[in-house]
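For reference, the chains in residue letters:
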2 protein chains.
Amino acid sequence: MSKHKVLLLGATGETGGDVLTGLLEDNTFAVSLLVQPSSADKSANQAFKERGLPIIIGDLNGSVDELSKVISGFQTVISTIGAADQKTQLTLVEACALAKTPRFIPCGFTTVCPPGGVMSLRDDKEVVYQRILREKVPYTIIDVGYWHQISFPKLASGKIDYATLVPRNDVFHDGEAKTLLTDKRDMGRFVARIIKDSRTLNQKVFTYSDSLSQNEIIALLEEKSGEKVETTRVSASELLARRDQARKDYEAVNEDPTFWMKRMMRSQTEYQVSKYLRKDNTVDNAKYLGYLNARELYPDFQPIKFEQLLDEVLAGKGQRPYVGRF
Amino acid sequence: MSKHKVLLLGATGETGGDVLTGLLEDNTFAVSLLVQPSSADKSANQAFKERGLPIIIGDLNGSVDELSKVISGFQTVISTIGAADQKTQLTLVEACALAKTPRFIPCGFTTVCPPGGVMSLRDDKEVVYQRILREKVPYTIIDVGYWHQISFPKLASGKIDYATLVPRNDVFHDGEAKTLLTDKRDMGRFVARIIKDSRTLNQKVFTYSDSLSQNEIIALLEEKSGEKVETTRVSASELLARRDQARKDYEAVNEDPTFWMKRMMRSQTEYQVSKYLRKDNTVDNAKYLGYLNARELYPDFQPIKFEQLLDEVLAGKGQRPYVGRF
């Protein structure tokens, strides 16, 4: 049987890298990588080439016609574009329409959250989703909750600092809001199942291994490490004030050197409001929003539990995400 | 058993009037009418009062707190607000959230069409739908396609002019695009079934009796009337040019005396592009967009066929919509 032909955009990024690994592990896909002309010479892409992965050059800022020729013939096109570049997918959507791509996976891969002013990132994605619907492109939106790898606090001993991207010792409101978590290494495994499944066509799907509150995560880490976790309580009103300030700061900048930091602050505080105050990133809310539950679709699949990730991190086997990417 | 308590906004309008009739016919609902303070003295509302329908005064331009008290205790709140006033529903959505209304029916009641720049009316509704999702209000969106009553051309003899709202003798592109049609008198009958049905909670539902092209409608009318229908062919490019011009004209006006006419021209041409060129208003597209099919949900219900409406109109028993409303 010939392999399912997948074209993946963004393989040099965190999400794309994990999606690629999961697809190759599955062994039923022939994966090619869609690379923008400006990135063709990146060492990471050269390394993919040396591993025998076909590189397809396509310009998201070029013409729809050209891009549609480049992506033609692939059964599934997957986009894992950077957070700041969501809208560059619009050309890709139109190219998929023209090429009659049987399934497009836009860059979801975020928490469960409605559009309409909660998270700027989500609203950027909504523009892309609406274009998909306008162009009648067959699609699946896949959201994964938050990663295990960026969901634990630091220990006072500094023992797990090596695996920590951003300190997570602020506890918001009462610390009781449950949020959906997926180990980043499982994203590609879920994707491999979802894109072979006709039940997920023209649907939204969410993945998770655990639904845990901040208090539960802290208790688990204290139990496993034998250390007390030092936290700072942040009230709901303080978090909202931080979010509003971060939005103002972001609006005030142009492309100056602080742009990325301010964008990240806005993104972080919006995530926190959505997860911890609004409780958007939950099973119930996903069902309300019309998502299919990947755990119900694939009951045989055992995702990596959050507890296992903590064990690995405490054993010195963790890995800080985004190493070398900034 | 106590009756299902429904609060209906917009009963003096075309859609609201038909919804009211359908709900009362069903005989399982206790219907109250939500009326804005500025409309309390309208003769139509006085007439409802005399028929024994409770009138509830609520201000969509007032505070959410006040409005939530007014709508509290109703099991279903239905909005059939005018096309130009869609966004005034935002307060009502927030009031439903506060009052924990078990089901809100926003003002859908249009053709099947995606958001994102196809129809301004649809995009106004999308703002309301996103607010519903943000506030986690239980909802059902009900779309009905286009009404039988405004979907037939005039006859040269003038015989059916009395029942004609807008002349429909332009045939767009090849005249072959199928569109979903519902008799306006069936809207309320569908609504009565949908709001008692737990399967439709937090879903979109579409209704129809027929899926007919312009060519099929003309052939049917010619056969039944014995007259030749005189049509004007409008090419796809000509329709797109009309739509673009109507959008420009609308953008250029403020609230001058031509405002309503220009709004209607924009609306009409956007509907035409969506129905006849994009083929949005179809069973297949509704399924793609995630709608449930009311005909599959209620296979026992026999909606009024388009052919029956034509027979009535030809027998002099038709009724022009919006009589006395402009």
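Residues numbered from 1 in each chain as written. Chains lettered and ligands numbered in written order. Predicted model: local features only at pLDDT ≥ 70, side-chain atom pairs only at ≥ 80, totals over all residues. Heavy atoms only, no water.

## Considerations on the pairing of strand S9 (residues 179-182) of chain B
Residue and element names in this part refer to chain B.
At step 1: Residues of S9 alternate between two faces, with Thr-179 and Leu-181 on one and Leu-180 and Thr-182 on the opposite face, all of them buried.
At step 2: Pairing geometry for strand S7 (residues 146-147) and S9, over two bridges, is parallel. If you follow Tyr-146 over to S9, its bridge partner there is Leu-181.
At step 3: Both S9 and strand S11 (residues 210-212) contribute to a ladder of three bridges, which runs antiparallel. Along S11, the bridge assignment pairs Thr-179 with Leu-212. (Buried < 20%, exposed > 50% of the residue type's maximum accessible area, 1.4 Å probe, protein only. Helix = DSSP H or I, 4+ residues; strand = E, 2+ residues; numbered from the N terminus. Pairing = 2+ DSSP bridges.)

## What about the interface of chain A and chain B?
At step 1: With 20 residues of chain A in contact, the opposing surface of chain B contributes 20 residues.
At step 2: Interface area for chain A against chain B, summed over the two sides, is near 1,600 Å², with a carbon-plus-sulfur share of 49%.
At step 3: It is Arg-134, Lys-136 and Tyr-288 of chain A in chain A that bury the most area against chain B; as a group they hold 42% of the surface buried on that side.
At step 4: Connecting chain A to chain B are two salt bridges.
At step 5: One salt bridge connects Lys-136 of chain A with Asp-280 of chain B, and the closest N-O pair in it is separated by 3.2 Å.
At step 6: There are 16 residue pairs in polar contact (both at pLDDT 80 or more) connecting chain A and chain B.
At step 7: Where the side of chain A that touches chain B is concerned, the elements lending two or more residues are helix H5 (120-135) and helix H10 (283-288) of chain A.
At step 8: Per-element tally for the side of chain A that touches chain B: the top contributor is H5 of chain A, with five residues.
At step 9: Across the side of chain A that touches chain B, the residue classes tally to ten nonpolar, four polar and six charged. (Contact = heavy atoms within 4.5 Å. Buried area = accessible area lost by both parts, 1.4 Å probe. Salt bridge = Lys/Arg side-chain N within 4 Å of Asp/Glu carboxyl O. Polar contact = N/O pair within 3.5 Å; in protein donor to acceptor, adjacent residues only side chain to side chain. Nonpolar A, V, L, I, M, F, W, Y, C, P; charged D, E, K, R; others polar.)

## What about empty space enclosed by the protein?
It is a probe the size of a water molecule, rolled over the atoms, that shows where empty space is left.
All names here are of chain A.
At step 1: In this structure the tally under the stated criterion is two cavities of 30 Å³ or more.
At step 2: Estimated volume of the largest cavity: approximately 130 Å³.
At step 3: Ser-151, Arg-168, Gln-214, Ile-217 and Tyr-276 are the residues nearest the centre of the largest cavity, which is lined by 14 residues in total.
At step 4: Among the secondary structure elements, those contributing two or more residues to the lining of the largest cavity are strand S9 (179-182), helix H7 (214-225) and helix H9 (259-277).
At step 5: The biggest single contributor to the lining of the largest cavity is H7, with three residues.
At step 6: Residue classes in the lining of the largest cavity are distributed as eight nonpolar, four polar and two charged. (1 Å grid on protein atoms, 1.4 Å probe; cavity = no way out; pocket = protein on both sides within 12 Å on 5 of 7 lines; lining within 4 Å. Points joined across faces, edges and corners; volume = space filled by probe spheres on them.)

## Thoughts on the domain arrangement of chain A
All names here are of chain A.
At step 1: The domain architecture assigned to chain A consists of domain 1 (4-144 + 181-207 + 280-302) and domain 2 (150-176 + 213-277).
At step 2: Using C-alpha coordinates to define each centre, domain 1 is positioned 27 Å away from domain 2.
At step 3: Contacts between the two partners involve 15 residues from domain 1, matched on the other side by ten residues from domain 2.
At step 4: Three residues stand out in domain 1 for area buried against domain 2, namely Ala-84, Met-119 and Ser-120, and they jointly supply 39% of the buried area on that side.
At step 5: Where domain 1 packs against domain 2, one counts zero salt bridges.
At step 6: Ranked by residue count, the leading element in the side of domain 1 that touches domain 2 is H5, at three residues.
At step 7: Considering only residue class, the side of domain 1 that touches domain 2 consists of eight nonpolar, five polar and two charged. (Domains from an automatic or database assignment.)

## What about the sheet that holds strand S13 (residues 291-293) of chain A?
Residue and element names in this part refer to chain A.
At step 1: Read from one edge to the other, the open sheet built from three strands follows the order S6-S10-S13, with strand pairing classed as parallel. Of all strands in the sheet, those with a lone pairing partner are strand S6 (140-143) and S13, marking the two edges. Neighbour to neighbour, the strand axes of the sheet diverge by 30° on average, direction disregarded.
At step 2: Pairing between strand S10 (residues 203-206) and S13: three bridges, direction parallel. (Axes fitted to C-alpha atoms, helices over the stretch in contact; angles between N-to-C directions.)

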